[in-house]
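Coordinate analysis (summary)
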Amino acid sequence: MKLKNLSKEELESMSYDEIAYKIFEEENKKMKLPDLFKKICNLLDLDESEYENRIADFFQLISRDQRFTMLDKGYWDLKEKYKANIIMDNDEEEEIEESEDDLDINEDDESYNYDEDNEDDDVEEDDLKDLVIISDDEEDEANMA
């Protein structure tokens, strides 16, 4: 049903975002939020002070509603009218594929993980030299003592 055919009581029972959705559907054009909210206020017979007091809440409401999308230059419209255009540059894709093909990495090769700048790589240390292994029996004896 068209908004102009609804009674004031029916309009007042609708939320601002429902009315905004209907306006976008009926007018089938993008618009700026202040203009859209002005139309809503006119439909609901809200005065200028109510417009000023509620415009921020309206903006927040529309921003969170997934049915609406913000366009260039502050215009808004229904999201369903727009589809995502994903443009892939084939040249970049080929460059990536070529660079991966050019690398011949053998991860089993020790030099693959070797850092020439790190002198610690050259020093062989036994990190486990201070490790002490105790049996379960020894651990039980230590806990009882």
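The sections below set out a description of the structure shown in this document. Worth saying up front: this structure is predicted, and the values here are computed from it rather than measured.

Regarding the packing of aromatic side chains
For the structure shown, the criterion picks out seven aromatic pairs. Pairing Tyr21 with Phe68 gives two aromatic rings, centres 6.3 Å apart and planes at 75°, and the pair type is edge-to-face. Taken as a pair, Tyr21 in helix H2 (residues 16-27) and Phe68 in strand S2 (residues 68-70) lie far apart in primary sequence, 47 residues in all. Its relative accessible area of 16% is what places Tyr21 among the buried residues. Accessibility expressed as a relative area gives 4% for Phe68, which makes it buried. A centroid spacing of 5.8 Å and a plane angle of 50° characterise the contact between Phe24 and Phe68, whose relative ring orientation is tilted. Residue Phe24 is located in helix H2, and its partner Phe68 is located in strand S2; the two are separated by 44 residues in the primary sequence. Across the pair, exposure class does not vary: Phe24 and Phe68 are buried alike. Here a set of aromatic residues connected by ring pairs shows up, and it is made of Tyr16, Phe37, Tyr51 and Phe58.

Re the pairing of strand S3 (residues 75-78)
Both strand S1 (residues 31-32) and S3 contribute to a ladder of two bridges, which runs antiparallel. Across the sheet, Lys32 pairs through a bridge with Tyr75, a residue of S3. Of the pairings in the sheet, the one linking S2 to S3 comprises three bridges and is antiparallel in character. What sits directly across from Met70, in S3, is Trp76. Between the antiparallel neighbours S2 and S3 lie four residues, among them Lys73 with a positive phi of about 60°.

With respect to the side chain of Asp77
Here Asp77 shows up in strand S3. Relative accessible area serves as the criterion here: at 3%, Asp77 is assigned to the buried category. At a separation of 3.2 Å, a polar atom in the side chain of Asp77 contacts the side chain of Lys81. Side chain to side chain, Asp77 and Tyr82 meet in a polar contact 2.9 Å long.

With respect to the nonpolar core
Side chains that are nonpolar tend, in soluble globular proteins, to be buried together. Leu36, Ile40, Phe58 and Phe68 are the most contacted members of the largest nonpolar core, which has 24 residues in total. Looking at this core, the elements with two or more residues in it are H2, helix H3 (33-44), helix H4 (48-64) and S3. Ignoring sequence-local partners within four residues, the contact set of Ile40 consists of Tyr16, Ile19, Ala20, Ile23 and Phe58.

Quick look at H4
An ideal rise of 1.5 Å per residue puts 24 Å on 17 residues; H4 measures up with 24 Å between its terminal C-alpha atoms. Packing partners of the buried residues in H4 comprise H2, H3, S2 and S3.

A look at the sheet that holds S2
Paired through their backbone hydrogen bonds, the strands of a sheet run either parallel or antiparallel. Spatial ordering of the open sheet is given by S1-S3-S2, a layout of three strands whose pairing is antiparallel. One side of each edge strand has no neighbouring strand; the edge strands of this open sheet are S1 and S2. H2 contacts S1, S2 and S3 of the sheet and is inclined by roughly 85° relative to S3.

Procedures and definitions
- Residues numbered from 1 in each chain as written.
- Predicted model: local features only at pLDDT ≥ 70, side-chain atom pairs only at ≥ 80, totals over all residues.
- Heavy atoms only, no water.
- Phe/Tyr/Trp six-rings, centres within 6.5 Å; stacked < 30°, edge-to-face > 60°.
- Helix = DSSP H or I, 4+ residues; strand = E, 2+ residues; numbered from the N terminus.
- Buried < 20%, exposed > 50% of the residue type's maximum accessible area, 1.4 Å probe, protein only.
- Pairing = 2+ DSSP bridges.
- Polar contact = N/O pair within 3.5 Å; in protein donor to acceptor, adjacent residues only side chain to side chain.
- Core = buried A, V, L, I, M, F, W, Y, C linked by side-chain atoms within 4.5 Å.
- Contact = heavy atoms within 4.5 Å.
- Expected span 1.5 Å × (residues − 1).
- Axes fitted to C-alpha atoms, helices over the stretch in contact; angles between N-to-C directions.

Nothing here speaks to function; it is geometry throughout.
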